[in-house]
Amino acid sequence: MAEKGKLSKTARASTHFAKGEQQAVVENDSSRGKVFVEVKKLLTEAGIGFQNLSSSHPIIVNKGSFDGALTVVKGALVDGDGSRYKVEKEEPGQAVLVENTNKEPGRMVIKESPFAWYAAG
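Residues numbered from 1 in each chain as written. Predicted model: local features only at pLDDT ≥ 70, side-chain atom pairs only at ≥ 80, totals over all residues. Heavy atoms only, no water.

**Topic: the overall build of the chain**
Our working definition: Under the DSSP-based scheme used, a helix requires at least four consecutive residues in state H or I and a strand at least two consecutive residues in state E, with every element numbered from the N terminus. Buried residues are those whose accessible area, probed at 1.4 Å on protein chains only, stays under 20% of the maximum for their type, while exposed residues exceed 50% and partly exposed ones sit between those limits. Should any heavy atoms of two residues lie within 4.5 Å, those residues are counted as being in contact.
For the chain, the helix and strand inventory stands at two helices and seven strands. In sequence order, the chain lays out its α and β elements as β-β-α-β-β-α-β-β-β. Taken across its 121 residues, the chain has 24% of its residues classed as buried. Of all intrachain contacts in the chain linking residues separated by at least 6 positions in sequence, the fraction that spans at least 24 positions is 38%.

**Side note on the nonpolar core**
Test applied: Working definition of a nonpolar core: buried Ala, Val, Leu, Ile, Met, Phe, Trp, Tyr and Cys residues. They are joined through side-chain atoms within 4.5 Å.
Of all hydrophobic cores here, the largest spans 17 residues; its most connected members are Val 39, Val 73, Leu 77, Met 108 and Ile 110. Secondary-structure elements contributing two or more residues to this core are helix H1 (31–45), strand E4 (59–61), helix H2 (66–77), strand E6 (94–99) and strand E7 (107–112).

**Focus on the pattern of salt bridges**
Here is the rule: A carboxyl oxygen of Asp or Glu within 4 Å of a side-chain nitrogen of Lys or Arg is what we treat as a salt bridge.
Inspection of the entire model under this criterion finds two salt bridges. Between Glu 90 and Lys 74 there is a salt bridge, with the nearest N and O atoms lying 3.2 Å from each other. With Glu 90 in strand E5 (residues 85–91) and Lys 74 in helix H2, the pair connects residues that are 16 residues apart, well separated along the chain. Residue class for Glu 90 comes out partly exposed when judged on its relative accessible area of 45%. Across the salt bridge formed by Arg 107 and Glu 88, the nearest N and O atoms sit 2.8 Å from each other. In this pair, Arg 107 is assigned in strand E7 and Glu 88 in strand E5, connecting sequence segments 19 residues apart.

**Here we look at the pairing of E6**
Let me state the cut-off plainly: Think of it this way: DSSP has to see at least two bridges between two strands before they count as a pair.
Of all six residues in E6, five are buried, a share of seventy percent or more. Summarising the sheet, E5 and E6 pair through six bridges and their orientation is antiparallel. From the neighbouring strand, Lys 89 faces E6, where its bridge partner is Val 96. The antiparallel hairpin formed by E5 and E6 contains two residues in its connecting segment, where Gly 93 sits at a positive phi of about 85 degrees. Note: E6 against E7, five bridges, orientation antiparallel. Looking across to E7, one finds that Val 98 is bridged to Arg 107.

**Comments concerning the sheet that holds strand E3 (residues 50–51)**
Selection rule: Axes, fitted as lines to C-alpha atoms, cover a helix only where it is in contact. Angles between the N-to-C directions of the axes lie from 0 to 180 degrees.
Spatially, five strands are ordered E3-E4-E7-E6-E5 in an open sheet, and the strand pairing comes out mixed. Looking at the sheet topology across the chains shown, the edges are occupied by E3 and E5. In this fold H2 packs onto E4, E5, E6 and E7, with an angle of close to 160 degrees to the strand it touches most, E7.

**Re the side chain of Ser 113**
Take Ser 113: it is sitting in the segment after E7. Beyond its immediate stretch of four places on either side in the chain, Ser 113 contacts Ile 60, Val 61, Asn 62 and Lys 63.

**With respect to the confidence of the model for the chain**
For the record, the criterion: Every residue carries a pLDDT, the predictor's confidence in it, which falls somewhere between 0 and 100.
Averaged over all residues, the pLDDT of the chain is 76; the fraction at 70 or higher stands at 70%. By mean pLDDT, the top-scoring element of the chain is E6 (92), and the lowest-scoring one is strand E2 (residues 25–26) (42). Considering only residues more than four positions removed or in separate chains, one finds that residues 19–29, a stretch of pLDDT under 50, has 19 contacts.

Put into structure tokens, the structure is as follows:
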């Protein structure tokens, strides 16, 4: 159960937002979700355009920026001691990273789009 003022991942937020000074904070306790948010942040800071729906969908980067995106993601997740992910498959325009864990390893797919996505605002 979530603490007071926080919402679980499946809670309805609409009943909590009009409560005055009470701030609603969505809890995301899955490590995959945290990694997904971190990767999105790194790609945004690097100025690499991408389109993505959620952590269970592939990260689709703009045409022509796949190599840069893969370098950023590999630098954050794969390289170094105690890395969280390893490269399972790397092809031109697509890479599959697998979580370094014994139980149900998560996969992160990075693909190059044939289009360029433009950020709103």
